[in-house]
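Coordinate analysis (summary)
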Amino acid sequence: MNKIKNLISRQTNRSREEYSPTDEKELGLDQSEPVYKYKEVREFPSDPLAEAEVINSIEQVYFSDETFDSSQYELEKLAEDEKPSLIVINEDRDRLRAQLQAVSKKVSDVVLENHSAYTKELQRVTDLQASLQTANVICTNGRRQLEVSKQGFTISSLSIMANYRKKQQLLSLMKSLHTIKTLQRTDIRLREMLEEEDYPGAIQLCLECQKAASTFRHYTCISELSSKLQDTLEMIEEQLDQALAKTCNTFDTSHYQKVQRAYRLLGKTQTAMDQLHMHFTSAIHNTAFTIVLGYVELVSGSSDTRFQKMQYKDLCSYITGDTFIPCMVDLCKALWDVMRSYYKTMEWHEDFESEVQTPETEADTGSISSNVEASFNRKYIQKKLAHGLSRIWQDVQQKVKFFLLGTDLSFFKYDDFIFVLDIINRLILIGEEFCGSKSEDIQKSIRTQTINYFKNYHRARMDELCIFLENEGWELCPVRVNFSIHHLQEFKFMQLLNSQRTEDNMLEIDKLQMNVFKRFETGSPFDRQILDDTEDVIQTVEMNNGDGGHSSNDDSDSDVPDELKQDFIDEQTGENPTKRKLSQVKKRPEHVLGREISPILANTTLNVLRLVGKYMQMMSVLTPIAYDVVLCMSQLFDYYLYAVFTFFTSDVPDVEKVLNSKLLNTLKRISNEIIDQSPQGAPRNPDSPNNKVKVAFPYLSPIVDLENINSLYGLSERIVATESLAFLAEQFESLQSHLESVIPASKKPFLQQFYSQTVGVSSELRKAVYLGVSSCCLETEKILNLMSTVNWNVKDIMSQHSPYVDALLQDLQVFRDRLRNVGKQVRIPQVVYVVLWNHLILIVNRTVVEGLAGAKKCSNEGRALMQLDYQQFLMKLEQLTDIKPIPAKEFVETYIKAFYLSEADMECWVKEHREYSGKQLTSLINCAVSSKRGRQRLLMIIEELERQRPR
């Protein structure tokens, strides 16, 4: 009751206080902030609901203990802010005043509610007062009678009793002296227990000694002992703090259990947790600084004290390229140890905290208040540890970020840089498991380094590719049967990615990426792994010069005709002993007599594929630069395509008319974007405006001869170039789905455009490349001269074809023989075989039409001779090649049939067949139309059509 009255009186007195200007100085408040002077008592509205909410808002700590000092608690909260403002203090003061007023109001209401009981109790007090007066009289009488009894006792009886009491006092004193002696010897035992790291036992003993010392504090010697015990306890706390700091780098369960039990005995579990987080922060900084400092001093060759005084960020800039990787690995391992210790600390508090309760502790926590405090401490520790995850990881991120940005990695070797990316990628995965962080700081820093590195790396590789192409002899590179990019070491990582997609390997993924803290109880995820660098690319069996790149480890096919050993099959009447029909053997399959074939590749093609693999490795370990990598991969293909086009179509007249419109636009785009058009010797512009690399214009190696007719104008080199380009396009197409899965959705249109307008149409380059061969293999001038000597105005029907037909067939026969010789050097794919013959036959047919257009006069028998010559040519042509249908056959036949048209039909025919030249149409009109007026009219129509023909 007195406590409640005092509380009410204090509230009343405080409500009447006023703040003077000097209060601000005494409180240490900022004079620049607005000052509020309270001249009146603040009253709060009397609202039961509001008062209930205010009472409920009172912190639980106020009800935890009767000895709780609320003023000290509020001052400690206020001291947490470095420079509290007056507004904040006033807000806290108003809140506390409202709570105090609500409590006082509640107490007053309770008093009023119990007034009747108070009246009854007052009546009882009055009755008690009367009873006490009666008792006083009785006591007075009793004392008087006792005085009489005292006088009746003898002195001897009382002296015996006095001696006995003295004896008991001496026995008690002896017991106390034994206890004091034991207390004085406790210091030695405490030191022994500290050396044994028995912190709980030392604290328990020290607390018991303090309790005993307080019992005997009336002795002079005990006062000094109490002071000494207090110093010893403080020393134990210091050593305990050092022991707690040791757990940050190497966590030991038994050691940490002792430390936590010791702090629990001291009643400082929350303080221990605060100290633990401070130690972890210090451990991260000290560990990182020590490792980097060690490497810096190692490189400098001297222990320069100036390095020890540097900031960590500045110190990282002294790491050289040679020591970057070992220093980074050691740094990540050390930081991993700190994070693993923190993880195990959390695990210990989750799994073992309830098991380390000692019997003494359980006895101490028997009361309700102690249980509430223990529960509060557990919740506090859990929240503190959970909050510390992100803080610890942020500190780790900062150390790694400064380390990454402190060194220029643009000149690293590719394998070393890939290893750096792999290490950082592992660290990012650990951070995600540690606290769910995406590690934006590390991602940003490594992306900056990777873009810088990749830009320089790609520029160097493009220049290197230019050198390779300009020195490439376009000779066949023997590779294993069914070779693909997956046989290259650079694409081994793709197999791992594919295997991870299967359900059987999902558990392996969990072991590799999940539960990393449980998996690496010892060691670390940053131990460098030795990869399998073996690859099986080159064909190991001996090559047969006449086998076009096929394996020939046996002679079982020695009796096979040469025609069947080629990539195309020639059937000539009388030469094939089997006399197989042309319909039975139309084209050579992809394997002969059970033997599979190898793809046609050049050395430069393999180098490009290896570069693509390296680019994709970099993309797989750092997906944020995926689009930049894909863009550079497209430039590799673009430059290879442009080089093949430049090398092997320079001898093709009007090559633009042969190319597909998409391919032509693609070549123009490549020329504008990545080909440096500056003259040789002039300074080069390394980058184009759209940040694409500019590469020098490629020039064909002088060792490649494209003018020798015996080699069909470098046909073997043309085959290796175009077919390696086609193979490269196939490999790019096999990667399309993977590339689409790693680049952002907004960049997929670029990838689709690249595949549709570049990769998809690259095979169309065959037509232009092989036209340079076919166009030079036919002596068109000789044929036209022979056709000009033929008399088409004969009177009799001829039974023998004209000599020019034999000349044409002879040229085709020579072409076939030379083609066969080339086939002995390099395999001629069926598609190449078809393109070559299509081009040649098309040229022959156009030459025939041009020769027929040279006729001055033509009779009906001469027209029959034209048909006879062409039919004889077609019959012999079927024996030379298996190409069907014959290209442009209708072009010749339609022209010959036009000689039979009447004058009325000729006009419509001329207007409909714009594929013939003006010369050819004019010759036809002059020979086929007998009427002079009709010829003039038709010739005028032809002239008008020629003017309308696009140039």
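No experiment lies behind these values; they were computed from the predicted model shown.

Reading the values: rules and limits
Residues numbered from 1 in each chain as written. Predicted model: local features only at pLDDT ≥ 70, side-chain atom pairs only at ≥ 80, totals over all residues. Heavy atoms only, no water. Helix = DSSP H or I, 4+ residues; strand = E, 2+ residues; numbered from the N terminus. Buried < 20%, exposed > 50% of the residue type's maximum accessible area, 1.4 Å probe, protein only. Areas by Shrake-Rupley, 256 points an atom, 1.4 Å probe, with all protein chains shown as cover. Salt bridge = Lys/Arg side-chain N within 4 Å of Asp/Glu carboxyl O. Expected span 1.5 Å × (residues − 1). Contact = heavy atoms within 4.5 Å. pLDDT = per-residue confidence, 0-100. Axes fitted to C-alpha atoms, helices over the stretch in contact; angles between N-to-C directions. Left-handed = near helix turned anticlockwise from the far one by under 90°. Nonpolar A, V, L, I, M, F, W, Y, C, P; charged D, E, K, R; others polar. Phe/Tyr/Trp six-rings, centres within 6.5 Å; stacked < 30°, edge-to-face > 60°. Lys NZ or Arg CZ within 6 Å of the ring centre and 35° of its normal. Core = buried A, V, L, I, M, F, W, Y, C linked by side-chain atoms within 4.5 Å. Patch = residues over 30% accessible without salt bridge, like charges linked within 9 Å, V, L, I, M, F, W, Y side chains within 5 Å. Parallel < 35°, antiparallel > 145°, perpendicular 65-115°, else oblique.

The subject of this paragraph is the overall build of the protein chain. Scanning the protein chain from N- to C-terminus turns up 38 helices and 4 strands. Relative to its full complement of 951 residues, the protein chain shows a buried share of 42%. Carbon together with sulfur atoms contributes 52% to the accessible area of the protein chain, which is approximately 52600 Å² in total.

On to the pattern of salt bridges. In total, this model carries 25 salt bridges according to the counting rule given. For the salt bridge of Glu 723 with Arg 766, the shortest nitrogen-to-oxygen distance reads 2.8 Å. Of this pair, Glu 723 sits in helix α27 (residues 715-734) while Arg 766 sits in helix α30 (residues 765-774), and the two are 43 residues apart along the sequence. The buried category is assigned to Arg 766, whose relative accessible area is 13%. Between Lys 767 and Glu 764 there is a salt bridge, and its shortest N-O distance comes to 3.4 Å. A relative accessible area of 40% places Lys 767 in the partly exposed class.

Now for unusual backbone geometry. The linkage connecting Lys 884 with the following residue, Pro 885, adopts the cis geometry, with an omega of -5°. Its location among the elements puts Pro 885 in the loop between α34 (860-880) and α35 (889-897). Although it is not a glycine, Ser 439 sits at a positive phi angle of roughly 55°. Turning to its location among the elements, Ser 439 is positioned in the loop between α17 (414-435) and α18 (440-470). The phi angle at Tyr 713 is positive, at roughly 55°, despite the residue not being glycine. With respect to the element layout, Tyr 713 can be found in the loop between β4 (695-696) and α27. For Tyr 713, a relative accessible area of 12% translates into the label buried.

This brings us to α34. If you check α34, its first and last C-alpha atoms are 31 Å apart, about what 21 residues at 1.5 Å a residue would give, namely 30 Å. Of all the residues in α34, the buried ones are Gly 862, Arg 863, Leu 865, Met 866, Asp 869, Tyr 870, Gln 872, Phe 873, Leu 874, Leu 877 and Leu 880. Elements that come into contact with the buried residues of α34 comprise α32 (803-825), α33 (830-852), α35 and α37 (918-928).

Attention now moves to the confidence of the model for the protein chain. Across the protein chain, pLDDT averages 78, with 76% of residues at or above 70. By mean pLDDT, the top-scoring element of the protein chain is α27 (93), and the lowest-scoring one is strand β1 (residues 591-592) (34). The low-confidence segment residues 356-366 (pLDDT under 50) makes 13 contacts with residues lying over four places distant or belonging to another chain.

A separate point is helix α24 (residues 626-648). With 23 residues, α24 extends 34 Å between its outermost C-alpha atoms, agreeing within 8% with the 33 Å of an ideal straight helix rising 1.5 Å per residue. A large share of α24 lies buried, amounting to 21 of its 23 residues.

Further remarks concern the packing of helix α31 (residues 780-788) against α33. Put simply, α31 and α33 touch, their axes get as near as 9 Å, and they point 35° apart. Both α31 and α33 take part in a crossing whose hand is right-handed. Judged by residue contacts, Thr 780, Ile 783, Leu 784 and Met 787 of α31 engage Ile 843, Thr 847, Val 848, Glu 850, Gly 851 and Leu 852 from α33. Tallied by class, the residues present in the contact of α31 with α33 amount to 6 nonpolar, 3 polar and 1 charged.

Another aspect to go through is the packing of aromatic side chains. Applying the stated criterion to the full structure yields 36 aromatic pairs. Taken together, a centroid distance of 6.3 Å and an interplanar angle of 80° make the contact between Phe 647 and Phe 648 edge-to-face. Taking relative accessible area as the criterion, Phe 648 reaches 0% and is therefore assigned buried. Ring pairing ties together the aromatic residues Tyr 414, Phe 417, Tyr 453, Phe 454, Tyr 457 and Tyr 615, which thus form one cluster. One residue, Lys 747, lies across the ring of Tyr 627, its end atom 4.6 Å from the ring centre. The positively charged end of Arg 846 is found above the aromatic ring belonging to Phe 891, 5.1 Å away from the centroid.

Turning our eyes to something else, we now look at the nonpolar core. In this structure, Phe 324, Phe 403, Trp 474, Met 616, Trp 837 and Phe 873 are the most contacted members of the largest nonpolar core, which totals 226 residues. Of the residues forming this core, the biggest block, 16 residues, is contributed by α24.

Let us look at the environment of Leu 476. Positionally, Leu 476 belongs in the loop between α18 and α19 (492-500). When the C-alpha atoms of Leu 476 and Asn 603 are compared, they prove to be 7.9 Å apart, with 127 residues separating the residues in sequence.

Bringing a nonpolar patch on the surface into the picture now. On the surface, Tyr 118, Leu 122 and Val 125 cluster together into a nonpolar patch covering about 300 Å² of accessible area. The topology assignment puts Leu 122 in helix α6 (residues 115-152).

Moving on: the packing of α27 against helix α29 (residues 748-759). Their axes nearest at 11 Å, the elements α27 and α29 cross at an angle of 160°. The orientation of α27 relative to α29 falls into the category roughly antiparallel. In this structure, the crossing between α27 and α29 has a hand that is left-handed. Residue-level contacts link Ala 729, Phe 732 and Glu 733 of α27 to Phe 754, Tyr 755 and Val 759 of α29.

Let us look at the side chain of Ser 923. By the secondary structure assignment, Ser 923 is in helix α37. When sequence neighbours within four positions are dropped, the list of residues in contact with Ser 923 reads Leu 852, Ala 853, Gly 854, Ala 855 and Tyr 895.

All right, on to the environment of Asn 56 then. Among the structural elements, Asn 56 can be located in helix α3 (residues 48-56). A sequence separation of 43 residues divides Asn 56 from Gln 99, and the C-alpha atoms of the two residues are 9.2 Å apart.

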